[in-house]
Amino acid sequence: MTGLLEVRGLNVVFDGFRAVTDLDFSVAAGELRFVIGPNGAGKTTLIDVITGRTRPASGSVRFDGHELVGQREHRIVRMGIGRTFQTSVVFEELTVGENLDLAAQFRRPLVSLLRRRRAYPDDVVAVLDTTGLGELVDQPAGVLSHGQRQWLEIGMLMVQQPRLLLLDEPVAGMSREERERTGVLLREVAQTHTVVVVEHDMEFLRRFATVVTVLHEGRLLCQGTVAEVQADPRVQEVYLGRARKEAVDVDG
Ligand SMILES: Nc1ncnc2c1ncn2[C@@H]1O[C@H](COP(=O)(O)OP(=O)(O)OP(=O)(O)O)[C@@H](O)[C@H]1O
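In this report, we go over the structure that sits alongside the text.

Definitions and limits used
- Residues numbered from 1 in each chain as written.
- Predicted model: local features only at pLDDT ≥ 70, side-chain atom pairs only at ≥ 80, totals over all residues.
- Helix = DSSP H or I, 4+ residues; strand = E, 2+ residues; numbered from the N terminus.
- Buried ≥ 20, exposed ≤ 12 C-beta atoms within 10 Å, placed from the backbone.
- Contact = placed C-beta atoms within 7 Å.
- Pairing = 2+ DSSP bridges.
- Axes fitted to C-alpha atoms, helices over the stretch in contact; angles between N-to-C directions.
- Near = placed C-beta within 6 Å.
- Nonpolar A, V, L, I, M, F, W, Y, C, P; charged D, E, K, R; others polar.
- Parallel < 35°, antiparallel > 145°, perpendicular 65-115°, else oblique.
- Core = buried A, V, L, I, M, F, W, Y, C linked by C-beta atoms within 7 Å.

### A look at the overall build of the protein chain
Piece 1. When its secondary structure is counted, the protein chain shows 10 helices and 10 strands.
Piece 2. Buried residues in the protein chain amount to 37% of all 252 residues.
Piece 3. Excluding contacts between residues fewer than 6 apart, the proportion of contacts in the protein chain whose partners are at least 24 apart in sequence is 65%.

### Thoughts on the sheet that holds strand 5 (residues 66–67)
Piece 1. Sheet architecture is open: 4 strands sit in the order 2-1-4-5, paired in antiparallel fashion. Strands at the two margins of the open sheet, each flanked by one partner only, are strand 2 (17–27) and strand 5.
Piece 2. With 2 bridges connecting them, strand 4 (residues 58–63) and strand 5 associate as antiparallel partners. Note on strand 5: the bridge partner recorded for Phe63 is His66.
Piece 3. Along the sheet face, helix 1 (residues 43–50) touches strand 1 (5–14), strand 2 and strand 4 and points at about 70° away from the line of strand 2.

### Section: the site of the ligand
Piece 1. Neighbouring the ligand are Phe14, Phe17, Ala19, Gly37, Asn39, Gly40, Ala41, Gly42, Lys43, Thr44 and Thr45.
Piece 2. Secondary-structure elements contributing two or more residues to the shell around the ligand are strand 2 and helix 1.
Piece 3. Looking at the shell around the ligand element by element, the count peaks at 3 residues for helix 1.
Piece 4. Residue composition of the shell around the ligand, grouped by class: 4 nonpolar, 6 polar and 1 charged.

### Overview of unusual backbone geometry
Piece 1. A positive phi is found at Asp64, a non-glycine position, where the angle reads about 50°.
Piece 2. With a phi close to 50°, Glu217 is a non-glycine residue in the positive phi region.
Piece 3. Along the chain, the position of Glu217 falls in the loop between strand 9 (211–216) and strand 10 (219–225).
Piece 4. Its 15 C-beta neighbours within 10 Å are what place Glu217 among the partly exposed residues.

### Focus on the pairing of strand 8 (residues 194–198)
Piece 1. Judged by how many residues are buried, strand 8 sits mostly within the fold: 5 of 5 residues are covered.
Piece 2. Covered by surrounding structure in strand 8 are Thr194, Val196 and Val198 together with Val195 and Val197, the residues of both alternating faces.
Piece 3. Note that strand 7 (residues 164–168) and strand 8 share 5 bridges and pair parallel. Directly across from Leu167, in strand 8, lies its bridge partner Val197.

### Some points on the sheet that holds strand 8
Piece 1. The strand order across the open sheet formed by 6 strands is 6-7-8-3-9-10, and the pairing between neighbours is mixed. Every other strand in the sheet has two partners, leaving strand 6 (81–83) and strand 10 as the edge strands with one partner each. Taken over all neighbouring pairs, the strand axes of this sheet differ in orientation by 20° on average, direction set aside.
Piece 2. When strand 6 meets strand 7, the two strands line up parallel, connected through 3 bridges. Its bridge partner lying in strand 7, Ile81 is registered against Leu164.
Piece 3. Strand contacts of helix 1: strand 3 (32–36), strand 6, strand 7, strand 8 and strand 9, with the helix running at about 150° to strand 7, the strand carrying the most contacts.
Piece 4. Where helix 7 (residues 176–192) meets the sheet, its contacts fall on strand 3, strand 7 and strand 8, and the angle it forms with strand 8 comes to roughly 145°.

### Some details on the packing of helix 6 (residues 146–158) against helix 7
Piece 1. At their nearest, the axes of helix 6 and helix 7 sit 10 Å apart, and the two run at 10° to each other. As summarised for this structure, helix 6 and helix 7 are arranged roughly parallel, according to the angle between their axes. Touching Gly147, Gln150, Trp151, Ile154 and Met158 of helix 6 are Glu178, Arg181, Thr182, Leu185 and Val189, all from helix 7.
Piece 2. Residues of the contact of helix 6 with helix 7, tallied by class, amount to 5 nonpolar, 3 polar and 2 charged.

### With respect to the nonpolar core
Piece 1. Core analysis: the biggest nonpolar cluster contains 63 residues, and Ile50, Leu100, Leu152, Val159, Leu166 and Val195 have the highest contact counts within it.
Piece 2. At 6 residues, the largest contribution of residues to this core is made by helix 6.
Piece 3. Contacts of Leu166, omitting those with residues within four sequence positions, involve Ile47, Ile50, Thr51, Ile81, Arg83 and Val196.

See the structure below:
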């Protein structure tokens, strides 16, 4: 079966440093896929290549059969791929509703921007509901908690109606309760979208992941269910071996 996203033979080199090596990675339509790996494994680089931010040395990235390598970032967004960043991109002075409305303009004709509207359009209202931000619609985004801000960013992607969402560490820095709510939100988003989540938090994975892809030093280490991946000696070595080494280093 051909995936919605098909990465084949990907190599990314930064000034002679191989950040990604011979990577094959595919995601089927409708999947909620998690990608993990220690620092420097190449997770963000993979997202950067898919979204056209970084150009690979070689390899192909096909989305619904269309080659993405060589396409400009804005073209790839228009093809239906949306991403979040590790750093926030909301407008702090604008309200939650205005941020969503602005993001949604992406799909609307310019004339609708000029038309004065009394209420938010249906797609914005629907996303306010999904993200649980309805009560905060008139609050400036600057007052949101860290978790609420992440949900707003996911909402800002959803109103752009992408087919594929790429989320870079969505639960980093969140409280336990916020992580739980984010997991539930991701499951809901995945009902209607294909979602790839880069995440470190093992507890979160155990709770919400089905298929997990593990990267290490720019290569695919293994792939499977959370239980399979956790039981894989190579994964244990990469995570626990590293922890042991750090402990030894600290102890001198
Ligand atoms: N623009 C760049 N120039 C040079 N090296 C880079 C660049 N971007 C990434 N790298 C290097 O490529 C490797 C992979 O980085 P990447 O950010 O993809 O890892 P990651 O798995 O997302 O790690 P983290 O969990 O720390 O975010 C790292 O060694 C990083 O230092």
